[in-house]
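Listed here are the chains, written in short residue letters.
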Amino acid sequence: MEIKMFYRTQRDLAVALNILIDAYWKEEILEKELIENVKEIHRTNQEKLMKNGDFTKVVQQHCGKRRLNVVEKIIEMK
């Protein structure tokens, strides 16, 4: 699965996360690929993904709680 690492808007970023997590839930990608991609997206787009220690409102609205729980757990992994 081809995922960009730099996104122009928060909306684009949220859509990419949705596609990535949905692909994992549909068993189209492996867990390792999901983790690597989410960590890389977080590393390169922190200002669009997080604000004051929480997900931005746009990302929250587009991704929903279930997907963001997955993203949060991956980000917290060492």
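Conventions we followed
Residues numbered from 1 in each chain as written. Predicted model: local features only at pLDDT ≥ 70, side-chain atom pairs only at ≥ 80, totals over all residues. Heavy atoms only, no water. Helix = DSSP H or I, 4+ residues; strand = E, 2+ residues; numbered from the N terminus. Contact = heavy atoms within 4.5 Å. Buried < 20%, exposed > 50% of the residue type's maximum accessible area, 1.4 Å probe, protein only. Salt bridge = Lys/Arg side-chain N within 4 Å of Asp/Glu carboxyl O.

Draft legend 1. Molecular detail of the environment of leucine 13. Mapped onto the elements of the fold, leucine 13 is located in helix H1 (residues 10-25). Counting along the chain gives 46 residues from leucine 13 to valine 59, while the straight-line C-alpha distance between them is 7.6 Å. Once residues lying within four places of it in the same chain are set aside, the contact partners of leucine 13 are Tyr7, Ile41, Asn45, Lys48 and Leu49.

Draft legend 2. Layout of unusual backbone geometry. Within the chain, glutamate 27 stands out as a residue other than glycine whose phi angle is a positive 60 degrees. Mapped onto the elements, glutamate 27 comes out in the loop between H1 and helix H2 (31-44). Although it is not a glycine, asparagine 52 adopts a positive phi angle of roughly 55 degrees. Its location among the elements puts asparagine 52 in the loop between strand E1 (50-51) and strand E2 (54-55). What makes asparagine 52 exposed here is its relative accessible area of 76%.

Draft legend 3. Local environment of the pattern of salt bridges. Under the counting rule described, the total for this entry stands at 3 salt bridges. We note a salt bridge from glutamate 40 to arginine 43, for which the minimum N-O separation is 2.3 Å. Of this pair, glutamate 40 and arginine 43 both sit in helix H2, 3 residues apart, roughly one helical turn. Glutamate 40 sits in the partly exposed class, given a relative accessible area of 26%. Taking the shortest distance from any N to any O, the salt bridge between glutamate 47 and lysine 48 comes out at 3.5 Å. Residue classification places lysine 48 among the buried positions, given a relative accessible area of 18%.

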